[in-house]
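For reference, the chains in residue letters:
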Amino acid sequence: MTSEKPLLEIRGLVIEATSYPPGEAPKNVTLVHGVDVTLQKGRVLGLIGESGAGKSTIGLSSMAYGRGGVRLTGGEILLNGREIREARPATLRQIRGREVTYVSQSAAASFNPSKRLMDQVIETSLSHKIMSKPEAEARAVMLFRKLGLPSPETIGSRYPHQVSGGQLQRVMTAMALCPKPDLVIFDEPTTALDVTTQIDVLAAIKEAIQDTGVAALYITHDLAVVAQVADEIMVLRHGKKVELGTTDQIINRPAEDYTKALVSVRGIEHDEKPEAPPLLRIDCVSARYAGTTFDVLKNISIGLPAGQTLAVVGESGSGKSTLARAITGLLPPTKGRIHFDGRQLSADFAGRSRDDLRQIQMIYQMADTAMNPRQTVGTIIGRPLEFYFGLKGSARDKRVQELLDQIEMGRGFADRYPAELSGGQKQRVCIARALAAKPKLIICDEVTSALDPLVADGILKLLLELQAETQMAYLFITHDLATVRAIADKIAVMYKGEVRRYGQKSDVLAPPFDDYTDLLLSSVPEMRLGWLEEVIAHRKANGTTSGNTV
Amino acid sequence: MRIPPSALIGLILTGVFIFSAIFADLLMPYAYDLPVGTQWEGPSATHWLGTDTIGRDILSRLIKGGQITIFVALAASILSFAMGSFFGFLAAVSGGWTDQILSRVCDLMMAIPSLIVALVLLSVLPLNLTVLILVMGVLDSTRVFRLARAVAMDIAVMEYVEAAKLRGEKWGWVIFREILPNALSPLVAEFGLRFIFAVLFISTLSFLGLGVQPPLADWGGMVKENKDGLSWGISAALVPALAIALLAISVNLVADWVLSRTSSLKGGRG
């Protein structure tokens, strides 16, 4: 292998961009500081790191492309022994689509909605005159079959909106593999998918890579995912290489502290609290959106004791967030009752007393849109204090600082605007805003899913500490089962607007499972080699292909 | 704080305009309403910008006219923005019937050309500056209403507005503290434009005899008075026209600068 020339060799790559802060002079920022990448033919290299680590930027540089005004300013990019960093556009056009292809995160946004899938899949092969149209179509059908798409012969005649997200992602993989490239860049191909869909796509991609012998750069922030497909893994942070090694080395014997932290993430343990009378009781609640005749919530009955955490799990569209809207009164239920603290809550939030509103606080998934960008942190946290408790002036400022201390943010944050905070800090401020109201229940709607794993870990730890201090109850909405294991006392598994399984954590997570819970639980990527094969083999043996649920 | 050169030019010019508007009566070299020379004299040491169609000093009329033009346009624009954005935000936040009623009233007003409404109203009402400002302000507020409503609609669905509503905040806080600061950028940009439209609108009304009444001067009216001179090669009409153009540019340079500062999400501290 050493004698063979590598397919891709990147040496000392430097990537810069110009940032335009409003009202200031433009300035140069370096995104990638001298990274080396070597990839042999037919191998898969995983690039992993948190957001802003430069993994996508490096991935795209292997076709000498810089997204959004990014400039490849230094180093060498050798593809098949040829320097391409400063190649002319005409040369690059020859390379892109012929030697290197790309699979993006959001297939839905990457397909032309008005063209049939087949035309888009074979477009590159035809425009590069790699094969004739019948040949390309035959190859596309072969790839569809290999990727496990339903009715491979005819799916190509559908339009992008006629297939599901997971299928579209696989069609996109077929599109990338169709022109027989030497290298495919997979840029977070499963990140936008539900966990149950992700596993199928992942298995399909892995099989297709193995069968076609193509080399791949697999970019993701999820170490457990990349461990299933990559031969080697490069850990990146702040545009620099942290560690490079075989998948086995990185997962089992990480050398650097940062990698160790990534591997041991979600190491939080939480002992389940015993059953207790509920603080929040939801009785047979059904709800639908105005102007529709379809119930998005069907007869939901669950309860949450004071000081405990109820995790509501399910894939997108299962009605988890709608349940939160029904509890807060944003979407009054059509049927059923919600009891809180021994009394029945008005269905519409406008009919609730100020004290009722204070008792139930909400933390949102996107901290960016949950905070007014024109208010300082002090105002954001201080307003509930002023509004509910009439605190003013220095008393208010003092309490704001106490809350900031509680969420482990130091002095000097009260005068900052949300744009001056990092993602994790923003979410902490949202937590402080909820805390400020001294609620008995906080609804956490996917609060960690927009955050990098290490940051998310910090937020979960903080939430658990706060619960121990203040005896707040959490209704924790998430699609991430690892989070559920880490913090829940009770679990409700939702599927298509119904609660499929509900009870204490130890009961819900213990067999025997119903089909859906089994599918959900077994789909969560585990950070070890060979997990994907085991699950697929297990499913084949049981005859439960999840393909029909995709 | 660094001020970009374009904003500096805008600030200086706008400053000069405002200064001359405030101190118009002290700055005028001659009375603005009395003939002091012969018809259409060219620029000279005694009359820097020449004289107009009946021999009045153009510089004096320009200064006095600037005072009236800027005052009326500014007052009308402020009125239209105060009304338009308040009702626009209210419509967006309330939705339902409030929104329907406000929007349909606005549609009704916009369905009739504003010039015609203005002509009808001004021919019935007593002709003075207060009435002029009120009529212009109310008519222009329909445009601002639509902009403010559209902008606020986008903001009203943000989670921070939802959070404020769930906290139990009344509409006053939601409108003035949650929505207004975020809607300011497009409104400031629109203000620069609307202010100049107001200047042109006064000029149009004056041209039709229903705006600023003679012998008071306004820039649009001055263009009208002197327009016949253009065919004789006399540039008297171009001076107030140039003043309007200069005011338009300088106000918008300032508006652009304010815009770039208000669109910064870091409180303009960078």
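Analysis parameters
- Residues numbered from 1 in each chain as written.
- Chains lettered and ligands numbered in written order.
- Predicted model: local features only at pLDDT ≥ 70, side-chain atom pairs only at ≥ 80, totals over all residues.
- Heavy atoms only, no water.
- Helix = DSSP H or I, 4+ residues; strand = E, 2+ residues; numbered from the N terminus.
- Rg over C-alpha atoms; globule rule 2.2 N^0.38 Å.
- Buried < 20%, exposed > 50% of the residue type's maximum accessible area, 1.4 Å probe, protein only.
- Contact = heavy atoms within 4.5 Å.
- Axes fitted to C-alpha atoms, helices over the stretch in contact; angles between N-to-C directions.
- Parallel < 35°, antiparallel > 145°, perpendicular 65-115°, else oblique.
- Left-handed = near helix turned anticlockwise from the far one by under 90°.
- Nonpolar A, V, L, I, M, F, W, Y, C, P; charged D, E, K, R; others polar.
- Buried area = accessible area lost by both parts, 1.4 Å probe.
- Salt bridge = Lys/Arg side-chain N within 4 Å of Asp/Glu carboxyl O.
- Core = buried A, V, L, I, M, F, W, Y, C linked by side-chain atoms within 4.5 Å.
- Polar contact = N/O pair within 3.5 Å; in protein donor to acceptor, adjacent residues only side chain to side chain.
- Domains from an automatic or database assignment.
- Pairing = 2+ DSSP bridges.

### Side note on the overall build of chain A
For step 1, the next point in the chain: Within chain A one finds 21 helices and 20 strands.
For step 2, the next point in the chain: For 550 residues, the compact-globule estimate of 2.2 N^0.38 gives 24 Å, and chain A sits close to it at 25 Å.
For step 3, the next point in the chain: Along the three orthogonal principal directions, the C-alpha set of chain A runs to about 70 × 55 × 45 Å.
For step 4, the next point in the chain: The buried share of chain A, taken over its 550 residues, is 54%.
For step 5, the next point in the chain: When contacts within chain A are restricted to residue pairs at least 6 apart in sequence, long-range pairs at least 24 apart make up 68% of them.

### Comments concerning the packing of helix 5 (residues 114-124) of chain B against helix 6 (residues 129-156) of chain B
Residue and element names in this part refer to chain B.
For step 1, the next point in the chain: The interhelical angle for the contact between helix 5 and helix 6, taken along N-to-C directions, is 155°, at an axis separation of 10 Å. With respect to helix 6, the axis of helix 5 lies roughly antiparallel. The handedness of the crossing between helix 5 and helix 6 is right-handed. Contacts between helix 5 and helix 6 involve Ser114, Val117, Ala118, Leu121 and Leu122 on the former and, on the latter, Val131, Leu132, Val135, Leu139 and Arg143.
For step 2, the next point in the chain: Per-class residue counts for the contact of helix 5 with helix 6 are eight nonpolar, one polar and one charged.

### With respect to the interface of chain B and chain A
For step 1, the next point in the chain: At the interface, 26 residues of chain B touch 28 residues of chain A.
For step 2, the next point in the chain: For the pair chain B and chain A, the two sides together bury roughly 2600 Å², of which 54% comes from carbon and sulfur.
For step 3, the next point in the chain: At the surface where chain B touches chain A, the tally comes to two salt bridges.
For step 4, the next point in the chain: With a shortest N-O distance of 2.6 Å, Glu169(B) and Arg383(A) are connected by a salt bridge.
For step 5, the next point in the chain: Secondary structure elements with two or more residues in the side of chain B that touches chain A: helix 7 (159-167), helix 8 (171-207) and helix 10 (238-262) of chain B.
For step 6, the next point in the chain: If you tally residues by element for the side of chain B that touches chain A, the top one is helix 7 of chain B, at seven residues.

### Observations regarding the nonpolar core
All names here are of chain A.
For step 1, the next point in the chain: Among the nonpolar cores identified, the biggest contains 75 residues, and Leu323, Ile381, Ile431, Leu441, Ile443 and Leu475 are the most heavily contacted of them.
For step 2, the next point in the chain: Among all residues touching Leu323, those that are not within four sequence positions of it are Ile282, Leu297, Ile300, Ile302, Val312 and Met494.
For step 3, the next point in the chain: Among the nonpolar cores identified, the runner-up in size contains 57 residues, and Phe111, Met131, Val201 and Ala230 belong to it.

### Concerning the side chain of Gln375(A)
For step 1, the next point in the chain: In this structure, Gln375(A) sits in the loop between helix 13 (367-370) and helix 14 (377-389).
For step 2, the next point in the chain: Side-chain polar atoms of Gln375(A) contact the side chain of Glu178(B), separated by 3.4 Å.

### Details of the domain arrangement of chain A
All names here are of chain A.
For step 1, the next point in the chain: Domain parsing of chain A yields domain 1 (8-263) and domain 2 (278-510).
For step 2, the next point in the chain: Here the C-alpha centroids of domain 1 and domain 2 sit 36 Å apart.
For step 3, the next point in the chain: Taken together, the contact between domain 1 and domain 2 spans nine residues of the former and six residues of the latter.
For step 4, the next point in the chain: For the pair domain 1 and domain 2, the two sides together bury roughly 670 Å², of which 55% comes from carbon and sulfur.
For step 5, the next point in the chain: Connecting domain 1 to domain 2 are zero salt bridges.
For step 6, the next point in the chain: In this assembly, domain 1 and domain 2 are joined by one residue pair in polar contact (both at pLDDT 80 or more).
For step 7, the next point in the chain: Counting only elements with at least two residues in the side of domain 1 that touches domain 2, the list comes to helix 7 (195-212) and helix 10 (257-263).
For step 8, the next point in the chain: Here the side of domain 1 that touches domain 2 gets three residues from one element, more than from any other, and that element is helix 10.

### Looking at the pairing of strand 14 (residues 335-340) of chain A
All names here are of chain A.
For step 1, the next point in the chain: The pairing of strand 11 (residues 278-287) with strand 14 spans five bridges and is classified as antiparallel. Its bridge partner being in strand 14, Ile282 is matched across the sheet by Ile338.
For step 2, the next point in the chain: Looking at chain direction, strand 14 and strand 15 (residues 343-344) are connected through two bridges and run antiparallel. Residue pairing across strands places Phe340 opposite Arg343, the latter belonging to strand 15.
For step 3, the next point in the chain: Hairpin remark: strand 14 followed by strand 15, antiparallel, with two residues in the connecting loop; positive phi at Asp341, about 55°.

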